[in-house]
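# Summary of structural features
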Amino acid sequence: MNEVFEDLRAAIFTVWQRRWLALAVAWGVCVLGWLIVALIPNAYESEARIYVQLDDVLAEQLKIAGGTEREITRIRQTLASSVNLEKVIRSTRLGDGVTTQLEMENAIEGLTKKVTVKSEEDNLFELKAEIGQSDLSDADNAKLAQSVVQKLIDIFREENLAGNRGDVAETIVFLDQQLEERKLELEAAEARRLAFEAENPDLIGGTTTLSSRVQILRKDVRDVDADLAAAQSALAAINGQLAGTPRTLVTAGPQGGARAALAQAQGQMATLQARGLTSSHPDVVALEKQIGLLRTQAANENPNNIGSTNPAYSSLIAIKAERQANVQALASRKAALNSELSGLMASQSNEPAVAAEANRIGRDYEVLKKKYDELLQDREEMKLRGQVENERSSFKFEVIDPPTTPRSPSAPNRPLLLIGVLFAGIAAGVGAAFAIGQLRSTFATTSKLERSLDLPVLGSISQTMTDSARALRAKRMRYFVAGSAALGGLCILLLAVEFLQRGMVA
């Protein structure tokens, strides 16, 4: 720790012995730095806030409002677009001396860095422009910054108020062109589909529809099999009941048997025909079968048999006839379904290329139709939006805070730079004195000499000065203090001049 303090004392002594060199270097660095700071032109920033209403209540009610987030991004980009900045340059003093395209591009690039657009809220935008031209005065730079912001606002207002309707009209024309092209393509695809379906009716809709039909038919066959099994089971049950039921019952009267049942059935037939039922009606068909069975039984019946027909037996006969008819109908239905299923399976397995063609044609048609419907809907929405734009514009523009006229420069921070240059000059002077001291082979303290030579130092001789030497040293010290104070005073004077100039900007 003692060695650190010794080195610090040695460094301070080295600098103090060469204080005039340090003061001279500090003056040189400060004067040069302050001159450079003085040559930096002041930049003035003007700002404004604008409010943009993108959609009104009518547009939102009709659900034709544009995408708010997309519109906000578009506004932020178009406010400071290259086209708008070029118009600003040509209409302000920024365009003075710009004659070639390369110079214009450089001017646009420079202005792009100086103009910023921020979105504070959904519809509130802050626009800033910072201008600092070296060939213009501070007052001119301040006015130019305000002019740039005002010109950007004017250009944006003109383009959007007059451009929205034009954009809608151009969009409708473009959509009409696209609709006409899609219409021709859709008509051609529909003609191809109709021609293919006429040649291959089984493959209407492609293999997807064919597979669906096969699955449906298989389900129908399973359902018919289940119904047929149930009908056959019911018919077997009726046959069992018939086997245990007597045909006739012994009665006291002379009439009875199959002949009486036949007469009764024929009476029922007459009643049904009188009601207007045709021979294809299920009740008529069942009754005809029952009459046929009763005629056979009546022909085989003993005419001397005395008894009456068993009503339960006659009812079971009728039920049996009905269930037999149901079994036959289900069997016919199953045969028809199996035949149709076999035909579809043959079409599916024997013509894969045709089925693939059906898929492709159907897919192309659906894609074109969907695109056509989307374009048609977009055109109708755009027409409605155009009508809303004509009656009441959905774009409303309002300047909340007009462009300000800056009274003080925004850049550079000259007071901070002046103070920074002062400290940099002092640091440069101290550093130069210390560096020169390190180049000389002298020792500031006896301990440093002892460490360097690794030999014991017996003592040191103090400096003895005469009265005239002391007076000369005091005089030189006063000169040094005056020079140092003058350097600080000059810095204070420059700061005062800077603050005075800030308040004089018109």
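Higher on the page you've got the structure.
Read on for a plain summary of the structure. Since this is a predicted model, take the numbers as computed values, not measurements. (Residues numbered from 1 in each chain as written. Predicted model: local features only at pLDDT ≥ 70, side-chain atom pairs only at ≥ 80, totals over all residues. Heavy atoms only, no water.)

### What to know about helix 5 (residues 82-91)
Among the residues of helix 5, those classed as buried are Asn84, Leu85, Val88 and Ile89. Seen along its axis, helix 5 keeps its buried residues to an arc of 140 degrees; they face one direction. Of the residues in helix 5, the exposed ones pointing more than 90 degrees away from the buried face are Val83 and Arg90. (Buried < 20%, exposed > 50% of the residue type's maximum accessible area, 1.4 Å probe, protein only. Helix = DSSP H or I, 4+ residues; strand = E, 2+ residues; numbered from the N terminus. Arc of directions from axis to C-beta.)

### Overview of the environment of Val214
With respect to the secondary-structure elements, Val214 resides in helix 8 (residues 206-243). For Val214, a relative accessible area of 3% gives the class buried. Along the backbone, Val214 and Gly343 are 129 residues apart, and their C-alpha atoms lie at a distance of 9.8 Å.

### Concerning the packing of aromatic side chains
Within this structure, the stated rule accounts for two aromatic pairs. Where Trp16 meets Phe480, the ring centres are 5.8 Å apart and the plane angle is 85 degrees; that geometry is what we call edge-to-face. Of this pair, Trp16 sits in helix 1 (residues 2-17) while Phe480 sits in helix 15 (residues 467-502), and the two are 464 residues apart along the sequence. Where Trp20 meets Phe480, the ring centres are 5.7 Å apart and the plane angle is 80 degrees; that geometry is what we call edge-to-face. You can see Trp20 sitting in helix 2 (residues 19-39) and its partner Phe480 sitting in helix 15, a full 460 residues away along the chain. Residue classification places Trp20 among the partly exposed residues on the basis of a relative accessible area of 40%. Overall, the relative accessible area of 13% leaves Phe480 in the buried class. An aromatic cluster is present here, built from Trp16, Trp20 and Phe480 joined pairwise through their rings. Taking the ring centre of Trp16 as reference, the NZ or CZ of Arg19 above it sits at 4.3 Å. (Phe/Tyr/Trp six-rings, centres within 6.5 Å; stacked < 30°, edge-to-face > 60°. Lys NZ or Arg CZ within 6 Å of the ring centre and 35° of its normal.)

### Things to note about the packing of helix 2 against helix 13 (residues 414-439)
Taken N-terminus to C-terminus, the directions of helix 2 and helix 13 make an angle of 150 degrees; their axes are 7 Å apart at the nearest point. When the axes of helix 2 and helix 13 are compared, the pair comes out roughly antiparallel. With respect to the hand of their crossing, helix 2 and helix 13 are arranged in right-handed fashion. A breakdown of the residues in the contact of helix 2 with helix 13 according to their chemical character gives 20 nonpolar, three polar and one charged. (Axes fitted to C-alpha atoms, helices over the stretch in contact; angles between N-to-C directions. Parallel < 35°, antiparallel > 145°, perpendicular 65-115°, else oblique. Left-handed = near helix turned anticlockwise from the far one by under 90°. Nonpolar A, V, L, I, M, F, W, Y, C, P; charged D, E, K, R; others polar.)

### What about the nonpolar core?
As a rule of thumb, soluble globular proteins bury nonpolar side chains together. In this structure, Leu111, Val115, Leu127, Val148, Leu152 and Ile153 are the most contacted members of the largest nonpolar core, which totals 27 residues. Those elements that place two or more of their residues in this core are strand 1 (44-53), helix 5, helix 6 (101-114), strand 2 (115-119), strand 3 (124-131) and helix 7 (138-199). With eight residues, helix 7 is the largest single contributor of residues to this core. (Core = buried A, V, L, I, M, F, W, Y, C linked by side-chain atoms within 4.5 Å.)

### Focus on the state of the cysteines
Enumeration over the complete set of coordinates arrives at zero disulfides. Take Cys30: it sits in no disulfide, and the sulfur closest to it among the cysteines is that of Cys491, at 7.5 Å. For Cys491, a relative accessible area of 4% gives the class buried. (Disulfide = S-S within 2.5 Å.)

Functional significance is not addressed by these values, which are geometric in nature.
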